[in-house]
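One letter stands for each residue in the lines below.
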Amino acid sequence: MGGLLSTFCMMIKHLFHKDAHASGSWSDLPADIVITIVEHLHYSDQIRFRAVCKSWRASSANAVKFADKLPWLFAYSTLYRFNNRFSSFCYLYEPCHRQKHTIELKQALLGARVHASQYGWLLFSKQATLSLHYLFMFYSPFTGKIIELPALESMYFHDRILFSASPTSPECVVFVVRTYHPEEFRISTCSPGDRAWTMHLFDGFHGSIDGMAFMDGVLYCSFSQSVLGAFEVATKVWRICQHNPVPRSISSCNRLIESDGKLLMPCYDDVQFRWRVLSFDWSQKKWFEIESLGGKLLFLGCTTSMAVPAVGEASEFANKILSDCFHPSCPQIYPEINECGEYGWLMTNIWIQPPEQI
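Conventions and cut-offs
Residues numbered from 1 in each chain as written. Predicted model: local features only at pLDDT ≥ 70, side-chain atom pairs only at ≥ 80, totals over all residues. Heavy atoms only, no water. Helix = DSSP H or I, 4+ residues; strand = E, 2+ residues; numbered from the N terminus. Buried < 20%, exposed > 50% of the residue type's maximum accessible area, 1.4 Å probe, protein only. Contact = heavy atoms within 4.5 Å. Areas by Shrake-Rupley, 256 points an atom, 1.4 Å probe, with all protein chains shown as cover. Pairing = 2+ DSSP bridges. Axes fitted to C-alpha atoms, helices over the stretch in contact; angles between N-to-C directions. Salt bridge = Lys/Arg side-chain N within 4 Å of Asp/Glu carboxyl O. Phe/Tyr/Trp six-rings, centres within 6.5 Å; stacked < 30°, edge-to-face > 60°. Lys NZ or Arg CZ within 6 Å of the ring centre and 35° of its normal.

A. Spotlight on the overall build of the protein chain. When you go through the protein chain residue by residue, the secondary structure sums to four helices and 24 strands. Counting over 358 residues, the protein chain shows a buried share of 49%. Relative to all contacts within the protein chain whose residues are 6 or more apart in sequence, the contacts with residues 24 or more apart total 47%. A total of about 18100 Å² of accessible surface is found on the protein chain, and carbon and sulfur atoms cover 52% of it.

B. Spatial organisation of the sheet that holds strand 1 (residues 72-76). The strand order 3-2-1-24 describes an open sheet built from four strands, whose pairing is antiparallel. Bordering the open sheet on either side are strand 3 (99-104) and strand 24 (348-352), each of which pairs with just one other strand. Going across the sheet, the axis of each strand differs from the next one's by a mean of 25 degrees, ignoring polarity. One ladder, built from five bridges, connects strand 1 with strand 24; its direction is antiparallel.

C. Quick peek at the pairing of strand 15 (residues 237-241). Sheet topology places strand 14 (residues 227-232) next to strand 15; five bridges connect them, and they run antiparallel. Along strand 15, the bridge assignment pairs alanine 230 with arginine 239. What sits between strand 14 and strand 15 in their antiparallel hairpin is a turn of four residues, with lysine 236 showing a positive phi close to 60 degrees.

D. Looking closely at the pattern of salt bridges. The tally for this structure, following the rule as stated, stands at five salt bridges. Of the charged contacts in the structure, one is a salt bridge between aspartate 159 and arginine 178, with a shortest N-O distance of 3.1 Å. Here arginine 178 lies in strand 9 (residues 174-180) and aspartate 159 lies in the loop between strand 7 (146-152) and strand 8 (160-163), a separation of 19 residues in the sequence. There is no split in this pair, since aspartate 159 and arginine 178 are both buried. Put simply, arginine 239 and glutamate 232 hold a salt bridge, and the shortest N to O gap is 3.4 Å.

E. Molecular detail of the environment of proline 150. Tracing the backbone through its elements, the reader meets proline 150 in strand 7. Overall, the relative accessible area of 13% leaves proline 150 in the buried class. As a C-alpha pair, proline 150 and serine 191 span 41 residues in sequence and 9.1 Å in three-dimensional space. When residues no more than four places from it in sequence are discounted, the contact partners of proline 150 are Tyr134, Cys190, Asp194, Arg195, Ala196 and Trp197.

F. Here's a closer look at the side chain of histidine 206. Along the chain, the position of histidine 206 falls in the loop between strand 11 (198-203) and strand 12 (209-215). In this structure histidine 206 comes out as buried when scored by relative accessible area, which is 15%. When sequence neighbours within four positions are dropped, the list of residues in contact with histidine 206 reads Phe185, Phe223, Ser224, Gln225, Val227 and Ile240.

G. Local environment of the environment of glutamate 148. With respect to the element layout, glutamate 148 can be found in strand 7. Along the chain, glutamate 148 and phenylalanine 136 lie 12 residues apart, while their C-alpha atoms are 6.1 Å from each other. Setting aside anything within four residues of it in sequence, one finds glutamate 148 in contact with Phe136 and Met137.

H. Layout of the packing of aromatic side chains. In this structure the tally under the stated criterion is 19 aromatic pairs. Judged by centre distance (4.7 Å) and plane angle (65 degrees), the rings of phenylalanine 185 and tryptophan 238 are edge-to-face. With phenylalanine 185 in strand 10 (residues 184-190) and tryptophan 238 in strand 15, this pair connects stretches of sequence that are 53 residues apart. We classify phenylalanine 185 as buried; its relative accessible area is 2%. Ring centres 5.9 Å apart and planes at 35 degrees place the aromatic pair phenylalanine 202 and tryptophan 238 in the tilted group. Within this pair, whereas phenylalanine 202 is found in strand 11, its partner tryptophan 238 is found in strand 15, the two being separated by 36 residues in sequence. What links up through ring pairs into an aromatic cluster is the set Phe185, Phe202, Phe223, Phe231 and Trp238. Looking at lysine 100, its charged tip hangs above the ring of tyrosine 91, at a distance of 4.3 Å from the centre.

Below, the structure is given as structure tokens:
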């Protein structure tokens, strides 16, 4: 338990026992006192505080800070060491107070790979023992909870994966998109509680999949051949949104980001040596470069990218781009977590949003 939380608990205990005739329990603390305590705690201590009892959780529901809206860094290892064992240790880095928390992964997650991260959850996959099937698991490093999905019959390294909502929500859908050269591609879907995956095959080949984003019940996919496609979850209909090719000087168009109802495509220009952000114009069916992110801060990752409001201490980074690969042109508001540690494992960094509720 954090030092600040311990101090507050000692203060509360003193107040409770100051009057020898006072009666009551810890769960009977007045709501205003509970809120005052929570507002002064680090995010990790807020989680511990709210886990004490239902009363404290209810009283502090609207007082929990969302870590100043900044995502955390989750660092884990997918590499074997000399003894052919995976590292079971990973890290959570909290940007608001610049704290690193060490976590030991559960056995089921050892050797698994992270594909996506949203809503405080990570989506892992792992090949089943003595089988070509792949096991999918949601994992929350904040609570340690695991939610399993049915096994997928096969998976390729270049498959792109995304989920639409928290796995605790009935709106959650997991998408695995695979291109089939030269005639078709496949979208596999599954939700927590389903017994099997559903396969959707569509004609056409548009190159490799560069990026995916989910918005208003639609999965959007950008392809290397300058094609933007849309898969409507409710109707299972696939359609093509025609658009203009991006400039040839742009080499990295591998992300789509939803931001306030807009589709954004951040790209790095190898000629001008700078980041450029394109926005899709629905009326003209074209991509246009934008000069401002509307006060947002873009977080780009190999598996997950997001746009968050640049508020609080992060306000100075409004309209900037930050990469988990620590690109030299990015503002350095996070340390590079690339520790080898005691056993020599190399770490992979993933953005993760802290959950608003535990």
